[in-house]
Amino acid sequence: MSYQVLARKWRPRNFAELVGQEHVTQALTNALNNDRVHQAYLFAGTRGVGKTTIARILVKCLNCETGVTATPCGVCQTCREVDEGRYMDLIEVDAASRAKVDETRELMENVQYAPVRGRYKVYLIDEVHMFSGHSFNALLKTLEEPPPHVKFLLATTEPKKLPVTVLSRCLQFQLRRLPASQMTAHLCHILDAEKISAQATAVDLIAEAADGSMRDALSLMDQAIAYAGGALEEVQIRAMLGIVGKQQIHALIGRIAAADGVGMLAAVEELAAEAPDFSGVLSSMSSELQRIAVLQLVPEAYPEESRREALLALATAMAPEDVQLYYQIVLAGQRDLPLMGEPRQGFEMVLLRMLAFRPEEGTAKVSLPVDPGVAVAQPLPVKKPVALTEQKGEAGAVSQAKPSPSPSPSPSNTVAVSGEENWPELLEQLELRGITRELARNSVLLRREQSTFHFCVDRAHAQLLNDRSQQALERAITAHFKQPMSVHFETGDAATTSPAGRSRQVAESRQATAEQAIRSDPKVQALCEAFDAEVAEQSIRAPELPESST
């Protein structure tokens, strides 16, 4: 007997064997059990997710010799003939090859005839979006009022190309891409049944490369079995798929984080020796950068796995905003890579772009003394730290614009500061970045007890507080005062008294002043009266601070 490919050998024969798509199988099962089967169904989704398989299972459910049921027997003549593709009352149509209107009309003329053996004559039209406009018109009337013995099952990968008149006559089901974990479990089950040993990481690679398509996963596994000639190992699968190892991706990201251009290009040279798919390398980089971002911002949500330690080292070496920048550069590079005649050159250009746009060290946002109609912050080089006692009262010292009096944090959670320390001014002298800076900007200094600073972080920004950000703030304050310092946090109401809250108040005041100035301008008022116009307040922006004002 000739070899049967895995995708056909392991095609599901009933709803219980189907992998995923529970939202579809549940709806069809209930419809069959309650005798509420619609006249036309549309199954939409990407390739290899089960559109035709579900349609054939539904044919067996409708025509099984045991009766209309959601669990066909699978052994009667009807079920066997459907599985073997020779059931006379199942008319399968490939719309791509029968798109002419004359062929569609001929097809519809035979709808009136009763089924040969089964209860229903079922028309399964695959890739129905390939029909021409005239073919759809020939189908419409029959699709709306088919004879009671006829059912239509339509399958497509492009539902948006179907006329709304066709869509409105069908029950529509959008089949989803299968998660890699679900495909991995099914592939392992098949390998056990086929008595083929495989490394778990090798099966994971096949599932990830299938991109949500179970048929693609089975085809790749067929290829892998032939390539390996026995047990499936990770090294072999990587070579077959042209996938670069995670260790190499991590090393490449580490070189970028360290601004090591020479080492980065040397790593690319090593990659090129393996003749990889550089678009796939960029895809792997984006996946790893996403995992690094999760570790930085929501570490408790990251699962325990073997790669966690390596990713944690990278997450510590890079600022969160750098990771986000690199991620966007990689995405843009994937889009632009096909435009390059030489993929390696395009890949190197993406990496060089990461180095070129890497934020410079030693810059921060410094608040400037302004009136309510002027911008409140501009990027300037960080000044050398000076003692708080020296900057108090010093002429020209950087100070925060004073907003109107606002309520202090709740007495139950905070203690008033005596004024000995000026937290907004101190904050601008500290070399803080990313989450740590946002934590500091949304906190109020309650008091200082010798070497301990007590802060109140606003409840709305309490998620910024973690061990890493607190330790980073301690290090910055220690470096500023040149002696060991510690910080203590509690949660309270600091939305209006924190540096960030004051900046927001000043910005709102500037914006209100700008809007009032526009509304009261005589020329604007004259235009409004002459043309019955209105001022689009959302378009009004407060003026930026001129360079000469700094």
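Residues numbered from 1 in each chain as written. Predicted model: local features only at pLDDT ≥ 70, side-chain atom pairs only at ≥ 80, totals over all residues. Heavy atoms only, no water.

Student: Before we go on, may I ask you to explain the sheet that holds strand β1 (residues 40-44) in this structure?
Tutor: The strands making up a sheet associate through backbone hydrogen bonding, with each pair oriented either parallel or antiparallel. Read from one edge of the open sheet, 5 strands run β2-β3-β4-β1-β5, paired in parallel fashion. Among the strands making up the open sheet, the edge pair consists of β2 (90-94) and β5 (171-174). Taken over all neighbouring pairs, the strand axes of this sheet differ in orientation by 15° on average, direction set aside. For β1 and β5, the ladder comprises 4 bridges, and the chain directions are parallel. From the neighbouring strand, L42 faces β5, where its bridge partner is Q172. Across the sheet, helix α3 (residues 51-63) touches β1, β2, β3 (121-126) and β4 (150-156), and the angle it forms with β3 is around 180°. (Pairing = 2+ DSSP bridges. Helix = DSSP H or I, 4+ residues; strand = E, 2+ residues; numbered from the N terminus. Axes fitted to C-alpha atoms, helices over the stretch in contact; angles between N-to-C directions. Contact = heavy atoms within 4.5 Å.)

Student: It is not clear to me how the state of the cysteines should be interpreted in this structure. Could you clarify?
Tutor: Here a disulfide denotes one covalent bond, and it connects the sulfur atoms of two cysteines. A complete count under the given rule lists 0 disulfides for this structure. This cysteine, C76, is not joined by any disulfide, and C79 carries the nearest cysteine sulfur, 3.4 Å off. (Disulfide = S-S within 2.5 Å.)

Student: Sorry if this is basic, but what is going on with the environment of E65 here?
Tutor: Following the sequence through the fold, E65 ends up in the loop between α3 and α4 (77-84). Overall, the relative accessible area of 48% leaves E65 in the partly exposed class. For E65, the contacting residues outside a window of four places in its chain are C76, Q77, T78, R117 and R119. (Buried < 20%, exposed > 50% of the residue type's maximum accessible area, 1.4 Å probe, protein only.)

Student: Any chance you could explain helix α17 (residues 343-356) here in plain terms?
Tutor: Three- or four-residue spacings in an α-helix give side chains the same orientation, since the helix completes a turn every 3.6 residues. Helix length check: α17, at 14 residues, gives a terminal C-alpha distance of 20 Å against a target of 20 Å (1.5 Å per residue), a fit within 8%. Taken together, the buried positions of α17 are occupied by G346, F347, E348, V350, L351 and M354. (Expected span 1.5 Å × (residues − 1).)

Student: Any chance you could explain unusual backbone geometry here in plain terms?
Tutor: Glycine aside, residues mostly have negative phi, and peptide bonds are mostly found in the trans state. Despite not being glycine, D35 shows a phi value in the positive range, around 55°. Of note in this structure, E127 is not a glycine but carries a positive phi near 50°. Judged by relative accessible area, E127 falls into the partly exposed class, the value being 22%.

Student: How should a nonpolar patch on the surface be read in this particular structure?
Tutor: Where nonpolar side chains cluster on the molecular surface, the patch consists of L265, M349 and L352 and spans about 250 Å² of accessible area. Examined against the element boundaries, L352 turns out to sit in helix α17. Overall, the relative accessible area of 37% leaves L352 in the partly exposed class. (Patch = residues over 30% accessible without salt bridge, like charges linked within 9 Å, V, L, I, M, F, W, Y side chains within 5 Å. Areas by Shrake-Rupley, 256 points an atom, 1.4 Å probe, with all protein chains shown as cover. Salt bridge = Lys/Arg side-chain N within 4 Å of Asp/Glu carboxyl O.)

Student: Could you clarify how one ought to interpret the sheet that holds strand β9 (residues 452-458) in this entry?
Tutor: Taking strand neighbours across the sheet as the criterion, the 3 strands line up as β8-β9-β10 in an open arrangement whose pairing is mixed. Because the sheet does not close on itself, it has two edges, and the strands there are β8 (443-449) and β10 (486-492). Across this sheet, the average inter-strand angle for adjacent strands is 25°, counted without regard to direction. For β9 and β10, the ladder comprises 7 bridges, and the chain directions are parallel. In the sheet register, D458 faces β10, and the bridge partner there is G492.

Student: What am I meant to see in the pairing of β9 here?
Tutor: Side-chain direction in a regular strand flips from residue to residue, so the side chains alternate between the two faces of the sheet. For β9, a buried count of 7 out of 7 residues is recorded, marking the element as mostly surrounded by other parts of the structure. Residue alternation in β9 divides its side chains into two sets, T452, H454, C456 and D458 and F453, F455 and V457, and both sets are buried. Pairing analysis gives 6 bridges linking β8 to β9, with the strands arranged antiparallel. By the bridge assignment, V444 is partnered in β9 with C456. Handedness of the β-α-β unit built from β9, helix α21 (residues 467-481) and β10 comes out right-handed. (Right-handed = clockwise from strand over helix to strand, strands pointing away.)

Student: Help me out: how do you make sense of the nonpolar core in this one?
Tutor: The tendency in soluble globular proteins is for nonpolar side chains to be buried side by side. Counting residues in each nonpolar core, the largest one holds 32 residues, and the members touching the most others are L252, M285, I292, F347, L351 and M354. Those elements that provide at least two residues to this core are α12 (246-257), α13 (261-272), α14 (278-297), α15 (308-317), α16 (320-336) and α17. Sort the elements by how many residues they give to this core and α14 lands first, with 8 residues. When near neighbours in sequence (up to four residues on either side) are disregarded, M354 contacts I256, M285, Y326, I329 and V330. Ranked by size, the runner-up nonpolar core spans 26 residues in total, among them F43, V59, C61 and L153. (Core = buried A, V, L, I, M, F, W, Y, C linked by side-chain atoms within 4.5 Å.)

Student: Just checking my understanding: could you explain the packing of α12 against α13 for this structure?
Tutor: Axes are the key here: two packed helices are described by the angle between their axes and the distance separating the axes. In contact at an axis separation of 8 Å, α12 and α13 are set at 160° when each is read in the N-to-C sense. Judged by the inter-axis angle, α12 sits roughly antiparallel to α13. Note on packing geometry: the crossing formed by α12 with α13 is left-handed. The segment α12 lies against α13, with Q248, L252, R255 and I256 engaging G263, M264, A267, V268 and L271. Taken together, the residues that form the contact of α12 with α13 break down as 6 nonpolar, 2 polar and 1 charged. (Parallel < 35°, antiparallel > 145°, perpendicular 65-115°, else oblique. Left-handed = near helix turned anticlockwise from the far one by under 90°. Nonpolar A, V, L, I, M, F, W, Y, C, P; charged D, E, K, R; others polar.)

Student: Looking at this model, I keep getting lost on the packing of α12 against α14. Mind explaining?
Tutor: One can describe the packing of α12 onto α14 by two numbers: an axis separation of 10 Å at closest approach and a directional angle of 70°. Considering their axes alone, α12 and α14 lie roughly perpendicular with respect to each other. Note on element contacts: α14 touches α12 through V281, S284, M285, E288, L289, R291 and I292, opposite K246, I249, H250, L252, I253 and I256. A class-by-class count of the residues in the contact of α12 with α14 yields 8 nonpolar, 2 polar and 3 charged.

Student: Sorry if this is basic, but what is going on with α13 here?
Tutor: An ideal rise of 1.5 Å per residue puts 16 Å on 12 residues; α13 measures up with 16 Å between its terminal C-alpha atoms. Those residues of α13 that sit buried are G263, M264, A267, V268 and L271. Buried residues of α13, viewed axially, fall in a sector of 145°; they line one side. Residues of α13 that are exposed and point more than 90 degrees away from the buried face comprise V262 and E270. Packed against the buried residues of α13 are α12, α14 and α17. (Arc of directions from axis to C-beta.)

Student: Would you mind showing me how to read the pattern of salt bridges here?
Tutor: Applying the stated criterion to the full structure yields 23 salt bridges. Salt-bridge contacts for K9 lead to E194; the nearest nitrogen and oxygen are separated by 2.9 Å. Note that K9 is positioned in helix α1 (residues 6-9) and E194 in the loop between α8 (180-193) and α9 (200-209), a separation of 185 residues in sequence. Across the pair R344 and E348 runs a salt bridge whose closest N-O atoms are separated by 3.1 Å. Of this pair, R344 and E348 both sit in helix α17, 4 residues apart, which is roughly one turn of the helix. Members of the salt-bridge network, linked through shared partners, are E65, E81, E84, R86 and R117.

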